[in-house]
Amino acid sequence: MDKYTTLQYDVIIIGAGGSGLRAAIEASRNGAKTAIICKSLLGKAHTVMAEGGVAAALANLDDRDNWKVHFRDTMKGGKYLNHWRMAQLHAQEAPDRVNELEEWGAVFDRTQDGRILQRNFGGHTYPRLAHVGDRTGLELIRTLQDKGVHDGIDVYMEYTVRRILTSEGAVSGCLAYQRETGRFTIFNAKALVIATGGIGQCWDITSNSWEYTADGHALALWAGAQLLDMEFVQFHPTGMVWPPSVRGTLITEGVRGEGGVLKNSEGKRFMFNNVPEMYKGEFADTEEEANEWVKSVVANKIPKVRRPPELLTRDVVARAIRKEVLEGRGSPHGGVFLDIASRRPAAEIIRKLPSMYHQFKELADVDITKEPMEVGPTCHYMMGGVKVDPETQESTLTGLFAAGEVAAGLHGSNRLGGNSLSDLLVFGKRAGEYAAAFAKKMTDYPKVDPDQVNETVKGSKKPFEQTEGENPYSISEDLKKMMQDKVGIVRTESELKEALGELNKLRERANNVKVGGNVQFNPGWHLALDLRNMLDISEVVTKAALVRQESRGAHTREDFPGSDPEWGKVNLIAYLRGDAIEVEKVPLPIVPPELKELLKD
Amino acid sequence: MSNVTTLQIYRGDNESGEMVEYQVPRNPGMVVLDAVHKVQSIHSPDLAVRWNCKAGKCGSCSAEVNGKPKLMCMDRLNKYPDDATISIRPMKTFPIVKDLVCDVSWNYEVNKKIPAFKIRKGERKYYQYEADRVQEFRKCIECFLCQNVCHVLREHQLKDEFCGPRFLVRVAGLEMHPLDTEDRSELLKNELGVGLCNITKCCTEVCPESIAITDNAIIPLKERVVDRFFDPLGWIARKLFKKT
Ligand SMILES: Cc1cc2nc3c(=O)[nH]c(=O)nc-3n(C[C@H](O)[C@H](O)[C@H](O)COP(=O)(O)OP(=O)(O)OC[C@H]3O[C@@H](n4cnc5c(N)ncnc54)[C@H](O)[C@@H]3O)c2cc1C
Ligand code: SF4
Ligand code: SF4
Ligand code: FES
């Protein structure tokens, strides 16, 4: 073990997206010696890609908005599987977290009277998303990054964590390799915050980057923490479908928030026929009413009519698009049409949606101010993740905290757009604060177990020792295709069972994966290691999807098409027993009566 | 459209390396980064390259393609003749770590020198026309392509004296922020070396975010420094009334 450098910190944050940076700032502010570890360069985490905005009931445009409405929207969007306390804290604290960003230098778009502008988004009753054109994530991450730099937080860029170290049933740090040199470093810490983001690389058509290989989910599972709601994977309704090289790349919901409409090959706005029972009466019935709403919004007036059905929640819109395509009313490349060109003048489109304009022009030869876009569902966001305490964000493993996309509970079975960036800020802050408090109580650094270190290093080097074996890329491609086919938007028992069989075969292949070259900046090796996370977490998702015999939010079972009130009373947790992944029902936390009152229509 | 593309990619490190030729199948809409990924999956899994968003938003995939500094994820293959060989090299201004990956850590060190945003007391309202100017600078995705082409850094390697266009953009974003009260003129003049820029505009030409780096950021900052040190009274008046 002496071979490895050991670094000691009170609090280590794994991940430098919005949640990790916010956690680090808070931990450091609370007097903890803090470091951040991340796989990419600082400022390149997924958060940088977020487009549409951050949800907070600032009520700058519509003074009927407040935390109670935001709470209700979030719970309803999650089909009531959310942890009520997280949804409450989130709605209450998001405005402060957004204002604080402004104090740290963020420059949001402005209202006519000089305050933070907010836009409409699916599932939010009022205009609620503070934004910067369609590059809100960049603003958020840069603001936090620059704040963090001045707070003296140490950053270890391009280090990948392979294991959470434990000692006496609590966290003792983590083990990471530096991508450049391939060398392992031991990070000995009193408390750890996982803020690693999502798992979207397990699917073929995805809006997620190479980083989303389910690392944090797997690290937590392996270390003995429980995962929650793992059957709920969000497919965003509008990804690019053509050309193939950009298939899955996201088109922000902001396009619809700005008045964009969905049409099938017959030119029909099919969302009018797809309003689910629970949202009946809340959405426009006719195109006239929907158009009237857009007109008011564009004129910065409070709409007196109901909003267009294009702004239904993502689960609903994604399924509706899939249906249009399956029934033969799709676009030439297997999507539907998203039209903003005929709705807003070109100059406004370019101003409000600059990066969408640029993206289509450069990558698809489509001018969105003149033509409709072709869009289809793309794997986007993981609602499930590490089960945490709603106040402190501590997981079921002592000393291990989690925040951001890797944590679960806030979004229930379906996340509303804009609720992730606010989640990062609210719970990132909480995780940092409570991790620092936890560390403060400890006098000494916990012991690092050399066996854990040696075992992981040895296992990680195995792909170089293989004399025969497969290239990691082919295994990863097959995994993605398999998950796309069998554990996609719509699921059935038979396919899920097949998927479990396929996962076993893929795992066997992955055990013999072989890589060439050496340990220095070797993407093939990195992928070979990531495969282990992806396989285990794919299995968790598949098992949970198999257990939940109903359709709810992002989880749709063809063999159980309706929602079942009995299933509405339980969450699923997953954990390791020995080497086996177990999935179990746990009762939903009970919503206190005063909040229950808010959920009534 | 021919269905194969020939690439030449730099393989090696800072000490030694060579251009290696690869052929990959070509699909509709492919960008240079897709072709590099194909090389990884078919020929050489250990080929080092950085990328994240694949949509021009994160600034990770900068390289020199046929000698031109670019984001590989926004560079369509159909812009090149079918039978052309496409050569890809890492950015020249920074030391090479391996293959297409270079050591850009210097940039992060420079960033630390810039004093943080300091908000004025009281009223926080400001208007979109004021935001517009700053938002242009805040669009920067830190691809470091401008740093790569700036001759002060590229040819003269004056990294100790000059912070480069990226960080002048960052300072401009702070200095012109309607709520900021910090004064960074001294730093601009000395440590950041704004005077070393001789307005060749090469940086502006390569910026994938179309930031008018020279005209909108650097020139006003140069003027600010001149004001501050040669017209201090005018400077104080402007600072007080925040008319910039
Ligand atoms: C295209 C796109 C647009 C979006 N738009 C919006 C929007 O408008 N509004 C909204 O609310 N949400 C949006 N989302 C969702 C939101 O951006 C993400 O959920 C959120 O940014 C995740 O933040 P995070 O802090 O949890 O993780 P990330 O920002 O993904 O950061 C994860 C960090 O963990 C690090 N990491 C991962 N694994 C390891 C490891 N093994 N070792 C070390 N480090 C590791 C990574 O390097 C990275 O630094 C969008 C998502 C996408 C893909
Ligand atoms: S204009 Fe100035 S900063 Fe830009 S490339 Fe030329 S010398 Fe460098
Ligand atoms: S200013 Fe432009 S070229 Fe320079 S780093 Fe930023 S985005 Fe890249
Ligand atoms: S991969 Fe993000 S800019 Fe190219």
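Residues numbered from 1 in each chain as written. Chains lettered and ligands numbered in written order. Predicted model: local features only at pLDDT ≥ 70, side-chain atom pairs only at ≥ 80, totals over all residues. Heavy atoms only, no water.

Draft legend 1. Layout of the interface of chain B and chain A. Taken together, the 58 residues of chain B in the interface contact 61 residues of chain A. Summing both sides of the interface, chain B and chain A together bury roughly 4800 Å²; the carbon and sulfur share of this comes to 52%. Remark: the boundary between chain B and chain A carries 10 salt bridges. For the interface between chain B and chain A, the tally reads 41 residue pairs in polar contact (both at pLDDT 80 or more). Mapped onto the side of chain B that touches chain A, the elements with two or more residues apiece are helix 1 (32–43), strand 6 (96–98), helix 2 (105–112), helix 3 (128–138) and helix 6 (165–175) of chain B. It is helix 3 of chain B that provides the largest number of residues to the side of chain B that touches chain A, a total of 6 residues. Each residue belonging to the side of chain B that touches chain A can be placed in one class, and the counts come to 30 nonpolar, 11 polar and 17 charged. (Contact = heavy atoms within 4.5 Å. Buried area = accessible area lost by both parts, 1.4 Å probe. Salt bridge = Lys/Arg side-chain N within 4 Å of Asp/Glu carboxyl O. Polar contact = N/O pair within 3.5 Å; in protein donor to acceptor, adjacent residues only side chain to side chain. Helix = DSSP H or I, 4+ residues; strand = E, 2+ residues; numbered from the N terminus. Nonpolar A, V, L, I, M, F, W, Y, C, P; charged D, E, K, R; others polar.)

Draft legend 2. Fine view of the domain arrangement of chain A. All names here are of chain A. Looking at the assigned domains, one finds that chain A contains domain 1 (238–379) and domain 2 (459–561). Inter-centroid distance (C-alpha atoms) of domain 1 to domain 2 is 32 Å. Counting across the domain 1 and domain 2 interface gives 0 salt bridges. Where domain 1 packs against domain 2, one counts 2 residue pairs in polar contact (both at pLDDT 80 or more). It is helix 8 (residues 314–326) that contributes the most residues to the side of domain 1 that touches domain 2, 3 residues altogether. Residue composition of the side of domain 1 that touches domain 2, by class: 1 nonpolar, no polar and 3 charged. (Domains from an automatic or database assignment.)

Draft legend 3. Inspection of helix 6 of chain B at higher detail. Most of helix 6 of chain B is tucked away: 11 of the 11 residues are buried. Residues P165(B), R166(B), F167(B), L168(B), V169(B), R170(B), V171(B), A172(B), G173(B), L174(B) and E175(B) constitute the buried set of helix 6 of chain B. (Buried < 20%, exposed > 50% of the residue type's maximum accessible area, 1.4 Å probe, protein only.)

Draft legend 4. Here's a closer look at the pairing of strand 19 (residues 570–577) of chain A. All names here are of chain A. Taking burial as the measure, the 8 residues of strand 19 include 6 buried ones, the bulk of the element. Two strands pair when backbone bridges link them, and strand 10 (residues 227–228) and strand 19 are joined in this way by 2 bridges, in the antiparallel orientation. Within the sheet, the bridge partner assigned to L227 lies in strand 19 and is A574. Counting the residues that bridge the hairpin from strand 19 to strand 20 (residues 580–587) gives 2 residues, and of these G578 lies at a positive phi of roughly 65°. (Pairing = 2+ DSSP bridges.)

Draft legend 5. Quick peek at the sheet that holds strand 4 (residues 118–119) of chain A. All names here are of chain A. As summarised here, the arrangement of the 3 strands in space is 3-5-4, forming an open sheet in which the pairing is antiparallel. At either end of the open sheet lies a strand with only one pairing partner, and these are strand 3 (54–55) and strand 4. In this sheet, strand 5 (residues 129–130) lies alongside strand 3 in antiparallel orientation, the contact comprising 2 bridges. When the bridges of strand 5 are listed, A55 appears paired with L129.

Draft legend 6. Highlighting the nonpolar core. In this structure, I537(A), M72(B) and I88(B) are the most contacted members of the largest nonpolar core, which totals 250 residues. When residues in this core are grouped by element, the largest group, 13 residues, is from helix 15 (residues 523–547) of chain A. Excluding residues that lie within four positions of it along the chain, M72(B) makes contacts with V31(B), V32(B), L33(B), V36(B), V49(B), C61(B), A63(B), V65(B), I88(B) and L100(B). In terms of nonpolar packing, the next biggest core, distinct from the first, is built from 6 residues, L81(A), Y381(A), M383(A) and L588(A) among them. (Core = buried A, V, L, I, M, F, W, Y, C linked by side-chain atoms within 4.5 Å.)

Draft legend 7. Examining the sheet that holds strand 2 (residues 17–25) of chain B more closely. Residue and element names in this part refer to chain B. Read across the open sheet, the 5 strands follow the order 2-1-5-3-4; overall the sheet is mixed. Of all the strands in the sheet, the pair left with one neighbour each is strand 2 and strand 4 (68–71). In this sheet, neighbouring strand axes are inclined to one another by 35° on average, regardless of whether the strands run parallel or antiparallel. Here strand 3 (residues 62–65) pairs with strand 4 via 4 bridges, running antiparallel. (Axes fitted to C-alpha atoms, helices over the stretch in contact; angles between N-to-C directions.)

Draft legend 8. Up close: the domain arrangement of chain B. Residue and element names in this part refer to chain B. Domain annotation for chain B reports domain 1 (4–102) and domain 2 (105–241). The centre of domain 1, based on its C-alpha atoms, is set 31 Å off from the matching centre of domain 2. Between domain 1 and domain 2, the residue contacts involve 14 residues of the former and 18 residues of the latter. Taken together, the two surfaces of domain 1 and domain 2 that pack against each other cover about 1100 Å², and 57% of this comes from carbon and sulfur. Contact with domain 2 buries area across many residues of domain 1, yet P69, T93 and F94 alone supply 47% of it, more than any other trio. For the interface between domain 1 and domain 2, the tally reads 1 salt bridge.

Draft legend 9. Up close: the site of ligand 2. All names here are of chain B. Every residue lining ligand 2 is accounted for by C150, H151, P165, C197, N198, I199, T200, K201, C202, C203, T214 and I218. Within the residue set of the shell around ligand 2, elements represented by two or more residues are helix 8 (202–206) and helix 9 (213–230). Classifying every residue of the shell around ligand 2 by side-chain character gives 7 nonpolar, 4 polar and 1 charged. (Near = heavy atom within 4 Å.)

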